[in-house]
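Topology and contacts: notes
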Amino acid sequence: MPEAVIVDAARTATGRRGGALRDIHPVDLAAHALKGLVDRTGIDPDLVDDVILGCVTQAGEQSSNVARWAALAAGFPETAAGTTVDRACGSSQQALTFAIASVAAGHCDVVIAGGVESMTRVPMGSQRSNGPGRAFGPLVAQRYGREEFSQGEGAEMIAEQWGFDRRELDQLALDSHARALAATEAGRFADHILPIEGLDKAGNTIDFRADEGIRPGGTLESLGKLTTVFREDGVITAGNSSQISDGASAMLVMTDVRAKELGLTPIARIHTAALAAADPVIMLTAPIPATQKALAKSGLSASDIDVYEVNEAFASVPMAWMREIGVDWDRVNPNGGAIALGHPLGGSGSRIMTDLVHHMRDTGSRFGLQTMCEAGGQANATILELVA
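Before going into details, it helps to say that this report is about the structure given with it. (Residues numbered from 1 in each chain as written. Predicted model: local features only at pLDDT ≥ 70, side-chain atom pairs only at ≥ 80, totals over all residues. Heavy atoms only, no water.)

1. Side note on the overall build of the chain
Across its full length, the chain holds 12 helices and 12 strands. Overall, the C-alpha framework of the chain stretches about 60 × 50 × 50 Å when taken along its three principal axes. Burial statistics for the chain: of 388 residues in total, 57% are counted as buried. Intrachain contacts of the chain at a sequence separation of at least 6 include 80% that bridge at least 24 residues. Accessible surface, the chain: about 15,300 Å² in total, of which carbon and sulfur atoms supply 49%. Averaging the locations of the 32 positively and 48 negatively charged side chains of the chain gives two centres separated by 2 Å. (Helix = DSSP H or I, 4+ residues; strand = E, 2+ residues; numbered from the N terminus. Buried < 20%, exposed > 50% of the residue type's maximum accessible area, 1.4 Å probe, protein only. Contact = heavy atoms within 4.5 Å. Areas by Shrake-Rupley, 256 points an atom, 1.4 Å probe, with all protein chains shown as cover. Lys, Arg positive; Asp, Glu negative; His and termini not counted. Charge placed at Lys NZ, Arg CZ, Asp CG, Glu CD.)

Next up, the structure:
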């Protein structure tokens with residue numbers, strides 16, 4: 001029976017807020033990823049049935065179905081459909097799940113899944129124009145006794161519940177930067193980052209091809225001087241949180257049979273996909289049950305997974321996940337995470353997945369698992385199996 005597979009995946013380097021990608025419209029940023037993907041695979045864009053992109057802040061330049069406009073901006077034929085997904089930070093991971101399901105069911109032959117977010121040009125929360133609480137409605141406010149739900153406060157609650165101190169969180173952040181720097185210097189991202197014309201601080205045109213948020217040379221002492229953000233006596237700072245970023249990524253999905261017909265070699269198949277939802281107040285713990293669910297469905301144990309990617313929304317999130325799943329830090333985020341590489345919201349799931357599939361191929365890892373927390377207390381978990 002034909003299986004849905006990831007044939008290739010590519011991404012832009014991730015830009016800081018107000019950084020190298022600041023002048024690029026998000027539709028054009030996504031289009032760059034789409035065009036780069038078809039160029040590197042040699043697939044005819046006429047074969048693409050659908051483009052499914054994750055994007056969280058669907059307002060302003062990211063409103064009106066960014067996926068459809070990105071396909072047209074990339075020069076795809078008008079026959080290529082597009083739809084935009086919002087499952088908060090897991091949007092582009094969910095886009096991949098939808099793409100895989102569509103191809104496996106025979107609804108589409110070829111789908112591109114991915115994501116985009118320009119947090120510089122469309123600031124987080126821009127879609128909320130009516131003030132606190134209005135996005136959730138009075139019944140949710142009544143049920144939980146609050147007008148707002150804060151991810152940062154959730155990160156503080158996790159640190160408190162699991163007993164993590166500031167020094168532990170800061171050390172994970174330093175490790176993330178060190179790993180991302182080592183991966184960059186070793187060229188581990190180079191073969192799947194799509195160079196793009198960006199701007200330096202002075203406004204000069206540059207060839208942008210390296211993640212902009214990596215900060216070498218940090219110390220526990222320097223991070224310890226940063227003030228906390230969400231609680232005066234808390235532990236969460238800008239230094240141990242993910243970065244506000246810009247970026248886009250794309251993954252080519254089809255059946256293994258279609259790939260063979262087109263002379264393409266797949267990298268990985270989706271072994272198992274799972275969703276979980278938990279308390280929306282603490283909000284960021286759902287990767288734990290999502291991972292447990294995915295492992296149970298797959299018949300695999302945690303020790304069977306060679307490499308894990310757990311989104312570093314805040315340092316306390318992967319730390320709690322590791323404690324509960326029983327996985328050591330040396331098997332998680334081997335090339336750094338969102339604390340160093342950035343977190344362009346709707347584009348993060350496919351950025352992480354792009355890095356993961358190439359890492360698996362480069363290292364010969366049979367199984368990889370990706371999970372990420374999402375606003376509202378949800379999470380995706382996806383297990384990949386190497387086929388190349």
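2. Quick look at the packing of aromatic side chains
Here a ring pair, both rings aromatic, is described through the centre-centre distance and the interplanar angle of the planes. Summed over all chains, the structure comprises four aromatic pairs. Judged by centre distance (5.8 Å) and plane angle (75°), the ring pair of Tyr144 and Phe149 falls under edge-to-face. Accessibility expressed as a relative area gives 31% for Tyr144, which makes it partly exposed. Residue classification places Phe149 among the buried positions, given a relative accessible area of 12%. Between Phe230 and Phe314, the aromatic rings sit 6.1 Å apart at their centres with planes inclined by 80°, giving edge-to-face as the arrangement. Within this pair, whereas Phe230 is found in the loop between helix H7 (220–224) and strand S8 (245–255), its partner Phe314 is found in the loop between strand S10 (307–310) and helix H10 (316–325), the two being separated by 84 residues in sequence. One cation-aromatic arrangement involves Arg11 over Phe189; the distance from NZ or CZ to the ring centre is 5.1 Å. The lysine or arginine in question, Arg179, covers the ring of Trp329, its NZ or CZ lying 4.0 Å from the ring centre. (Phe/Tyr/Trp six-rings, centres within 6.5 Å; stacked < 30°, edge-to-face > 60°. Lys NZ or Arg CZ within 6 Å of the ring centre and 35° of its normal.)

3. Notes on empty space enclosed by the protein
One pass over the full model with this rule turns up one cavity of 30 Å³ or more. Roughly 30 Å³ of volume is contained in the largest cavity. Arg11, Thr12, Thr14, Gly247, Ala248, Ser249, Pro344, Gly347 and Arg351 together form the lining of the largest cavity. Top contributing element to the lining of the largest cavity by residue count: S8, with three residues. For the lining of the largest cavity, a count of residues per class yields two nonpolar, five polar and two charged. (1 Å grid on protein atoms, 1.4 Å probe; cavity = no way out; pocket = protein on both sides within 12 Å on 5 of 7 lines; lining within 4 Å. Points joined across faces, edges and corners; volume = space filled by probe spheres on them. Nonpolar A, V, L, I, M, F, W, Y, C, P; charged D, E, K, R; others polar.)

4. Observations regarding the pairing of strand S3 (residues 50–54)
The element S3 is extensively covered by neighbouring structure, given that five of its five residues are classed as buried. In terms of strand pairing, S3 meets strand S5 (residues 110–118) through five bridges, oriented parallel. From the neighbouring strand, Asp50 faces S5, where its bridge partner is Val111. (Pairing = 2+ DSSP bridges.)

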